[in-house]
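Now for the letters of each chain:
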Amino acid sequence: MQFSVSRTTAPKAKPDWDKLGFGAIFTDHMLIVDYTEGRGWHDGRIVPYVGLSLDPAACVLHYGVEIFEGMKAYAAPDGRILLFRPDANARRLNSSGARLCIPEFPVEDFIAGIKQLVALDEAWVPRQPETSLYIRPFIIATEPHLGVSRSKTFQFIVICSPVGAYYPEGLDPVGIFVEDEFVRAVKGGTGYIKCGGNYAASLAAQYKAKQLGYSQVLWLDGAEHKYIDEVGTMNVMFKLRGKVVTPELSGSILPGITRDSVIKLLKSWDYPVEERKISLEEVLQAAKDGGLEEAFGVGTAAVISPIGHFNIMGADYTVGDGGIGPLSQKIYDALTAIQWGRAEDKFGWTVRVL
Ligand SMILES: *Cc1c(COP(=O)(O)O)cnc(C)c1O
């Protein structure tokens with residue numbers, strides 16, 4: 001696929017690099033590719049960042065037919081710009097698409113298009129420590145049709161946003177609210193794909209947790225409310241009695257690329273790691289008898305988000321000593337060193353843009 005390039009004639013002012021925050025500032029350009037049934041993906045183009053024009057009857061606006069990805073471009077100290085496992089994002093986008101009747105987007109075009117977009121907007125990749133260019137590829141169903149059926153037209157779009165350090169003051173443990181009323185996903189549903197609908201359905205619980213003074217929700221399984229699924233919009237890991245345990249990919253859990261990378265990293269250190277069902281009861285028992293040594297969320301945005309304490313039906317429990325655990329810190333340091341090109345990438349995970 002070739003991407004035509006139409007450069008902006010009105011470049012935006014660059015932001016204050018020390019006050020970036022997350023996802024509020026966008027670069028000068030975006031990538032768009034159209035899909036038409038019978039013709040496939042066509043008219044790949046990089047154009048100035050502008051509002052979209054959609055028919056008010058577009059499928060995405062009524063039935064939420066949308067999938068997305070989240071990835072980053074990192075500026076290395078030697079000036080290289082790196083992507084982290086973009087092939088994994090491309091493959092996951094396609095597995096998400098299969099669930100919502102969205103056509104596959106070729107993996108090689110996904111990577112080539114993003115490389116070209118990031119290279120064009122290279123001046124927007126922040127250089128401050130732990131900052132990055134967040135990349136948001138997504139696909140929307142655009143056919144104007146209120147009948148519920150597979151859309152015949154789609155758009156693949158990529159926008160980019162410079163984002164600040166997630167932890168400007170070092171890893172900061174957060175409080176978690178164990179949600180026992182709402183569920184995020186059930187087996188057979190859409191929990192294993194990255195779609196906007198899952199996020200819409202999570203907002204009420206997230207809001208409730210915030211009101212109660214917790215920063216994230218711990219999601220339990222949808223059928224029995226007994227097993228741990230995820231934390232907020234991250235996968236979750238526990239260090240329990242000297243082993244790392246994380247919920248297995250059961251169909252209701254998003255297969256995180258950070259999750260997979262952390263497991264591979266731990267295995268490369270010969271550190272015991274188990275993917276299996278984890279009941280809330282097991283974690284609670286360990287919290288009470290001192291066996292719960294560390295707990296943390298894992299995802300692209302924060303990399304590692306340590307959990308300091310959690311609330312279960314009104315009672316608060318502390319994880320370890322409530323601070324950042326040594327293993328959480330070690331994983332964070334090792335993974336971020338590869339992502340930002342400060343350490344050798346033995347796994348072949350990074351892909352150079354420039
Ligand atoms: C994106 C996401 C994750 C983390 O995936 P990464 O590939 O590691 O960023 C975890 N859980 C949910 C629900 C997600 O949407």
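Please refer to the structure placed before this passage.
Residues numbered from 1 in each chain as written. Predicted model: local features only at pLDDT ≥ 70, side-chain atom pairs only at ≥ 80, totals over all residues. Heavy atoms only, no water.

Draft legend 1. Spatial organisation of the overall build of the protein chain. Scanning the protein chain for helices and strands turns up seven helices and 18 strands. Taking 2.2 N^0.38 as the reference for a compact globule, 354 residues should give roughly 20 Å; the C-alpha atoms of the protein chain span a radius of gyration of 21 Å, in line with that estimate. For the C-alpha atoms alone, the extent of the protein chain along its principal axes is close to 60 × 50 × 35 Å. Out of the 354 residues in the protein chain, the part that is buried amounts to 53%. When contacts within the protein chain are restricted to residue pairs at least 6 apart in sequence, long-range pairs at least 24 apart make up 70% of them. As displayed, the protein chain offers around 15,500 Å² of accessible surface, 53% of which is attributable to carbon and sulfur atoms. Positive and negative side-chain charges of the protein chain, numbering 36 and 42 respectively, have mean locations separated by a distance of 3 Å. (Helix = DSSP H or I, 4+ residues; strand = E, 2+ residues; numbered from the N terminus. Rg over C-alpha atoms; globule rule 2.2 N^0.38 Å. Buried < 20%, exposed > 50% of the residue type's maximum accessible area, 1.4 Å probe, protein only. Contact = heavy atoms within 4.5 Å. Areas by Shrake-Rupley, 256 points an atom, 1.4 Å probe, with all protein chains shown as cover. Lys, Arg positive; Asp, Glu negative; His and termini not counted. Charge placed at Lys NZ, Arg CZ, Asp CG, Glu CD.)

Draft legend 2. Spotlight on the pairing of strand β15 (residues 292-299). For β15, the tally of buried residues reaches seven of eight residues, placing the bulk of the element in the interior. Bridge count for strand β12 (residues 235-240) against β15 is six bridges, and the pairing is antiparallel. By the bridge assignment for β15, K239 is matched with E294. Bridge count for β15 against strand β16 (residues 303-312) is four bridges, and the pairing is antiparallel. (Pairing = 2+ DSSP bridges.)

Draft legend 3. Spatial organisation of the site of the ligand. In the neighbourhood of the ligand, 14 residues make up the surrounding shell, with K194, Y199, E230, T258 and T300 lying closest. Residue R92 places a side-chain N or O atom 2.8 Å away from an oxygen atom belonging to the ligand. Take I257: an N or O atom from its main chain is 2.8 Å from an oxygen atom of the ligand. (Near = heavy atom within 4 Å. Polar contact = N/O pair within 3.5 Å; in protein donor to acceptor, adjacent residues only side chain to side chain.)

Draft legend 4. Quick look at the side chain of R259. Here R259 is to be found in helix α5 (residues 257-268). Taking relative accessible area as the criterion, R259 reaches 3% and is therefore assigned buried.

Draft legend 5. Broad picture of the nonpolar core. Among the nonpolar cores identified, the biggest contains 36 residues, and F110, V118, I135, I139 and F156 are the most heavily contacted of them. Those elements that place two or more of their residues in this core are β2 (29-36), β3 (40-48), β5 (71-75), β6 (81-84), α2 (86-99), α3 (107-120), β7 (132-141) and β8 (153-163). Sort the elements by how many residues they give to this core and α3 lands first, with five residues. Setting aside anything within four residues of it in sequence, one finds V118 in contact with A73, I81, V125, L133, I135 and V353. Counting 26 residues, the second-largest nonpolar core is a separate cluster that includes M237, V244, I263 and A302. (Core = buried A, V, L, I, M, F, W, Y, C linked by side-chain atoms within 4.5 Å.)

Draft legend 6. Expanded view of the packing of aromatic side chains. One pass over the structure, following the stated rule, counts 13 aromatic pairs. On the basis of an interplanar angle of 65° and a centroid distance of 5.8 Å, the ring pair of Y35 and F154 is categorised as edge-to-face. Of this pair, Y35 sits in strand β2 while F154 sits in strand β8; the two residues are 119 residues apart in sequence, bridging distant segments of the chain. Per residue, the accessibility class of Y35 equals that of F154, and both read buried. Ring plane angle 75° and centroid distance 5.5 Å describe the contact between F84 and W349, whose orientation is recorded as edge-to-face. Of the two residues, F84 is situated in strand β6 and W349 in the loop between α7 (326-339) and β18 (350-352); the sequence distance between them amounts to 265 residues. Here the two residues F84 and W349 agree in accessibility, since each one is buried. Ring-pair connections join several aromatic residues into one group, and the members of that group are Y35, W41, F105, F110, F154 and F156. Looking at K12, its charged tip hangs above the ring of Y49, at a distance of 4.5 Å from the centre. (Phe/Tyr/Trp six-rings, centres within 6.5 Å; stacked < 30°, edge-to-face > 60°. Lys NZ or Arg CZ within 6 Å of the ring centre and 35° of its normal.)

Draft legend 7. Region of the structure containing the pattern of salt bridges. Taken as a whole and assessed by the stated rule, the structure comprises 20 salt bridges. Measuring nitrogen to oxygen at the nearest pair gives 2.9 Å for the salt bridge that ties D78 to R80. For D78, a relative accessible area of 54% translates into the label exposed. For D87, the salt bridge identified is with R91, shortest N-O distance 3.2 Å. With D87 and R91 both in helix α2 and four residues apart, the pair spans about one turn of that helix. One network of salt bridges, in which partners are shared, links K243, E274, R276 and E282. (Salt bridge = Lys/Arg side-chain N within 4 Å of Asp/Glu carboxyl O.)

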